[in-house]
Amino acid sequence: MEWSEVEIHTLNEAVEPVANQLTEYGASGVSITDAIDFHREREDKFGEIYALNAADYPEDGVVIKAYFLKTDEFMAQLAEMEQTIRNLKQFDIALGNLSFQVNDVNDDDWATAWKKYYHPVQITEQITVAPTWENYQGRENEIVIELDPGMAFGTGTHPTTQLCMRALESYLKKNDSVIDVGTGSGVLSILSAKLGAEKVLAMDLDEVAVRAAEENINQNHVEAIVTLRQNNLLDGVFERVDVIVANILAEVILLFPEDVYNTLKPGGLFIASGIIAEKAEAVREAICAAGLTVLTTEVQGDWVAVIAKRGEN
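Everything quoted here is computed from the prediction, not taken from an experiment.

Asks: For the packing of helix 1 (residues 15–24) against helix 3 (residues 72–86), give the residues involved together with the corresponding values.
Replies: Their axes nearest at 10 Å, the elements helix 1 and helix 3 cross at an angle of 155 degrees. By the criterion of interaxial angle, the relationship of helix 1 to helix 3 is roughly antiparallel. The interaxial crossing formed by helix 1 with helix 3 has right-handed handedness. Packed against helix 1, whose contacting residues are Val-18, Gln-21 and Leu-22, the element helix 3 presents Met-81, Thr-84 and Ile-85 at the interface.

Asks: Got a sec to walk through empty space enclosed by the protein? Specific residues and values, please.
Replies: The final tally for this structure, using the stated rule, is 2 cavities of 30 Å³ or more. Taken as a whole, the second largest cavity holds about 50 Å³ of empty space. Around the second largest cavity, the lining residues are Glu-13, Ile-93, Leu-249, Ala-250, Glu-251, Gly-274, Ile-275, Ile-276, Lys-279 and Trp-303. Only helix 8 (250–253) and strand 13 (264–276) provide two or more residues apiece to the lining of the second largest cavity. Here the lining of the second largest cavity takes 3 residues from strand 13, the largest share from any one element.

Asks: Just give me the short version of the pattern of salt bridges, but keep the residues and values in it.
Replies: Within the structure shown, the criterion is met by 11 salt bridges. Between Asp-242 and Lys-265 there is a salt bridge, with the nearest N and O atoms lying 3.6 Å from each other. Pair noted here: Asp-242 is in strand 12 (residues 241–247) and Lys-265 is in strand 13, with a separation of 23 residues, a long-range link. The structure contains a network of salt bridges with shared partners spanning Glu-13, Asp-92, Glu-251 and Lys-279.

Asks: Please provide a residue-by-residue account of the pairing of strand 8 (residues 143–147), values included.
Replies: Every other side chain in a regular strand lies on the same face of the sheet, so the side chains alternate between the two faces. The element strand 8 is extensively covered by neighbouring structure, given that 4 of its 5 residues are classed as buried. Taken together, the 5 bridges between strand 7 (residues 127–131) and strand 8 define a ladder with parallel strand orientation. Following the sheet pairing, Ala-130 is matched in strand 8 by Glu-146.

Asks: Now, about the UniProt feature "binding site: S-adenosyl-L-methionine" (unreviewed entry) in the protein chain: what can you tell me, with residues and values included?
Replies: According to UniProt, the positions carrying the feature "binding site: S-adenosyl-L-methionine" (unreviewed entry) are Thr-161, Gly-182, Asp-204 and Asn-247. When you line up the elements, Thr-161 lands in helix 5 (residues 159–171). Looking at Asn-247, its side chain comes within polar contact range of the side chain of Thr-160, at 3.1 Å.

Calculation criteria
- Residues numbered from 1 in each chain as written.
- Predicted model: local features only at pLDDT ≥ 70, side-chain atom pairs only at ≥ 80, totals over all residues.
- Heavy atoms only, no water.
- Axes fitted to C-alpha atoms, helices over the stretch in contact; angles between N-to-C directions.
- Helix = DSSP H or I, 4+ residues; strand = E, 2+ residues; numbered from the N terminus.
- Parallel < 35°, antiparallel > 145°, perpendicular 65-115°, else oblique.
- Left-handed = near helix turned anticlockwise from the far one by under 90°.
- Contact = heavy atoms within 4.5 Å.
- 1 Å grid on protein atoms, 1.4 Å probe; cavity = no way out; pocket = protein on both sides within 12 Å on 5 of 7 lines; lining within 4 Å.
- Points joined across faces, edges and corners; volume = space filled by probe spheres on them.
- Salt bridge = Lys/Arg side-chain N within 4 Å of Asp/Glu carboxyl O.
- Buried < 20%, exposed > 50% of the residue type's maximum accessible area, 1.4 Å probe, protein only.
- Pairing = 2+ DSSP bridges.
- UniProt positions renumbered as here; feature names shortened; annotations may be inferred.
- Polar contact = N/O pair within 3.5 Å; in protein donor to acceptor, adjacent residues only side chain to side chain.

This is the structure in structure tokens:
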């Protein structure tokens, strides 16, 4: 079999929608390398637990690589795929000077080519995300999440995921009930379970993400706590919970603040991330308009997480 690598150079803001489009076209693995990850000066000791190699990173922006079986169908849809991705700008998603190219990949290398970009990532003093193919030995009392993201988003390397994980560590209480909207790889649901949540409902509209999340949930032995469902946002959810976490685009968060309010118990918390900085105020306003109170706004690079609370009534 022959394989092809689609390589896209774009802006950080476009990572999730571009990766999602590649997945929709049948990518068998997606890798993301962000120039910020190499050039930033760390404010603390947390981050990737390995030496960074400049050759693996773009000089600016983000490089997204996706791997496809080189079939006639794939070749025929390349032009459409590129145009679909370029059309994301119609949805107010900044793409920059987007470049789109296709490279041949050796059959022996394709399955592991994207995995070289994922290494253990220490999120906090207590939490580390480790790919399943890395032999990472956790410290005593360390929470280690073993993850194979497959084609789903959420490896622990992206700032939006890290912001959510730190918020969950800070705010989630033992025996809380949690809903993870747009679960992706399932990483936030797994962390919630390992932090002591009594039950977690993990949902994603994308069936590929649901399959990836199921494998990761089982890998981390939290299937007794985490229930997985293919679902659009909070549609059809009638139970009330203590915490809702959503690591999705700002444009999507704006669609359902009222549903969040109605689904939270009195005093419940909403952790929203995936928000590019310039759209943070619009998200805060929508959350407040729905009746929630913003407790804090956390920032990492160009990304923002908003933590809000429903009143006690």
